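Here's the letter readout for the chains.
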Amino acid sequence: MNVMVKRRVHVAAAAMISADQKKVLIARRPSNVDQGGLWEFPGGKLAPYETGLEGLKRELHEELGVEIIRAQPLIRVHHEYPDKHILLDVWQVHEFAGEPFGREGQAVRWVPMEELVNYPFPAANLPILRAVMLPTEYLITMEEADEARFDAFLERALQEDNIRLVQLRAKELDEASYVARAERALKLCRQYGASLLLNGEPKLLEQVDADGIHLTSERLMQLDRRPIAESKWLSASTHDQAQLSQAAVLGCDFVTLSPLRTTPSHPEVAPMGWHDFQQLVERAGMPVFALGGMTRFDANHARAVGAQGIASIRDFWK
């Protein structure tokens, strides 16, 4: 029996961020190529001898007439097409020289990040859209009995640490108390331009119009389809390959993966370490936040091994 061996194509792509951090550059594929007319993040195929960053520097010079000054890994996406396997090696370009323009006649456009969803992209680009729109720090709130103290801690994180993604975790509260806290937290998050996810049953969104739901690993494994609308963020706690695969089945927008290190809250759980974390992230197919003993000092290391960024309780909740 003949077995078709798919071509493996390694592509470097750039999420080029504007100086004000509010826009990203996208390009339209020519009409005479595969998936022509769709929008994409600029880049191209690597030559056999190139690394992802080397290839990206060459491609951006050839396509857009710019020189990369500072870039950082964003996400690696494996995508299966009927005839080929694509690896999208995506870098976030923070600084570049020159004014980008379509040197090959292609349309290019600076687009506000929140408007990216209005443009048609190839399916392989969808995880990149999520990664571009997400921040690199994910605050998980600490258990706190005193409501005034909770509000003060949250506002400090939003105002002084510039936190823009918050998970409201409060397992010690009953539902009524949780909803009341969530309403106050949502008001604060709206004030500072942050997104709030509720750690609880998806039906909580019927009571609090937050930005999404975070699923525990137990709740994640019990579901068989996405429990909330596509317009809301869906994240989940994961600890192994089976849970990452389930998150992909449900269409989670991003996940936390833990524990990287031994933590005071779960001293009995063996940490996975950076090597195993990187192996799991490589095939996750969605943005992954590193969790478990993480501090801001770990942020660059986490990004280097493929993470979206870091999630933390103690380092952000001071």
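Above this text sits the structure in question.
Residues numbered from 1 in each chain as written. Predicted model: local features only at pLDDT ≥ 70, side-chain atom pairs only at ≥ 80, totals over all residues. Heavy atoms only, no water.

## Description of the overall build of the protein
Link 1 in the chain: Within the protein one finds eight helices and 15 strands.
Link 2 in the chain: For the protein, the C-alpha radius of gyration of 20 Å lies close to 20 Å, the compact-globule estimate for 318 residues.
Link 3 in the chain: Projecting the C-alpha coordinates of the protein onto the three principal axes gives extents of approximately 60 × 50 × 35 Å.
Link 4 in the chain: Counting across all 318 residues of the protein, residues that qualify as buried make up 52%.
Link 5 in the chain: Total accessible area on the protein stands at roughly 15,300 Å², and carbon and sulfur atoms take up 51% of it.
Link 6 in the chain: Both charge centroids of the protein, one from 36 positive and one from 44 negative side chains, sit 2 Å from each other. (Helix = DSSP H or I, 4+ residues; strand = E, 2+ residues; numbered from the N terminus. Rg over C-alpha atoms; globule rule 2.2 N^0.38 Å. Buried < 20%, exposed > 50% of the residue type's maximum accessible area, 1.4 Å probe, protein only. Areas by Shrake-Rupley, 256 points an atom, 1.4 Å probe, with all protein chains shown as cover. Lys, Arg positive; Asp, Glu negative; His and termini not counted. Charge placed at Lys NZ, Arg CZ, Asp CG, Glu CD.)

## So, the packing of aromatic side chains
Link 1 in the chain: Summed over all chains, the structure comprises ten aromatic pairs.
Link 2 in the chain: Here the aromatic rings of Phe153 and Trp317 are separated by 5.5 Å at their centres, their planes lie at 40°, and the arrangement is tilted. Note that Phe153 is positioned in helix α3 (residues 147-160) and Trp317 in the segment after β15 (309-312), a separation of 164 residues in sequence.
Link 3 in the chain: Phe153 gets classed as buried once you look at its relative accessible area, which sits at 16%.
Link 4 in the chain: Relative accessible area serves as the criterion here: at 5%, Trp317 is assigned to the buried category. (Phe/Tyr/Trp six-rings, centres within 6.5 Å; stacked < 30°, edge-to-face > 60°.)

## Points about the pattern of salt bridges
Side chains carrying opposite charge are able to pair once their charged atoms draw close together.
Link 1 in the chain: As enumerated under the stated definition, the model contains 26 salt bridges in all.
Link 2 in the chain: We note a salt bridge from Glu50 to Arg58, for which the minimum N-O separation is 2.7 Å.
Link 3 in the chain: Note on Arg58: relative accessible area 24%, which makes it partly exposed.
Link 4 in the chain: Put simply, Glu144 and Arg149 hold a salt bridge, and the shortest N to O gap is 3.1 Å.
Link 5 in the chain: Given a relative accessible area of 43%, Arg149 falls into the partly exposed group.
Link 6 in the chain: Each member of the salt-bridge network shares a partner with another, and the members are Glu137, Arg156, Glu160, Asp161 and Arg296. (Salt bridge = Lys/Arg side-chain N within 4 Å of Asp/Glu carboxyl O.)

## Structural notes on unusual backbone geometry
Link 1 in the chain: Cis geometry is found at the peptide bond from Ser258 to Pro259, where omega equals -5°.
Link 2 in the chain: Although it is not a glycine, Gln21 sits at a positive phi angle of roughly 65°.
Link 3 in the chain: Examined against the element boundaries, Gln21 turns out to sit in the loop between β1 (7-16) and β2 (23-28).
Link 4 in the chain: Since its relative accessible area comes to 45%, Gln21 is described here as partly exposed.
Link 5 in the chain: One non-glycine residue, Asn162, lies in positive phi territory at about 60°.
Link 6 in the chain: You can see Asn162 is positioned in the loop between α3 and β9 (165-168).

## Notes on helix α4 (residues 175-191)
Link 1 in the chain: Its 17 residues give α4 an end-to-end C-alpha distance of 24 Å, which sits within 8% of 24 Å, the value for a rise of 1.5 Å per residue.
Link 2 in the chain: Looking only at α4, the buried set comprises Tyr178, Val179, Arg181, Ala182, Ala185, Leu186, Leu188 and Cys189.
Link 3 in the chain: Positioned one or two residues after α4, Gly193 has a phi angle of 75°, which is positive. (Expected span 1.5 Å × (residues − 1).)

## A word on the nonpolar core
Link 1 in the chain: Counting residues in each nonpolar core, the largest one holds 54 residues, and the members touching the most others are Leu154, Leu196, Leu198, Cys252 and Phe277.
Link 2 in the chain: Per-element accounting of this core gives the leading share, seven residues, to α4.
Link 3 in the chain: The residues contacting Leu198, other than those within four sequence positions of it, are Leu168, Tyr178, Ala182, Leu204, Leu205, Val208, Ala210, Gly212, Ile213 and His214.
Link 4 in the chain: Formed by 26 residues, the second largest nonpolar core is a distinct cluster that contains Val77, Leu88, Leu116 and Leu129. (Core = buried A, V, L, I, M, F, W, Y, C linked by side-chain atoms within 4.5 Å. Contact = heavy atoms within 4.5 Å.)

## Remarks on helix α1 (residues 52-64)
Link 1 in the chain: The terminal C-alpha atoms of α1, which comprises 13 residues, lie 17 Å apart, in line with the 18 Å expected from a rise of 1.5 Å per residue.
Link 2 in the chain: On the buried face of α1, the contacting elements are β1, β2, β4 (43-45), β5 (67-80), β6 (84-97) and β7 (108-112).
Link 3 in the chain: Where α1 terminates, the next one or two residues include Gly65, which has phi positive at roughly 70°.

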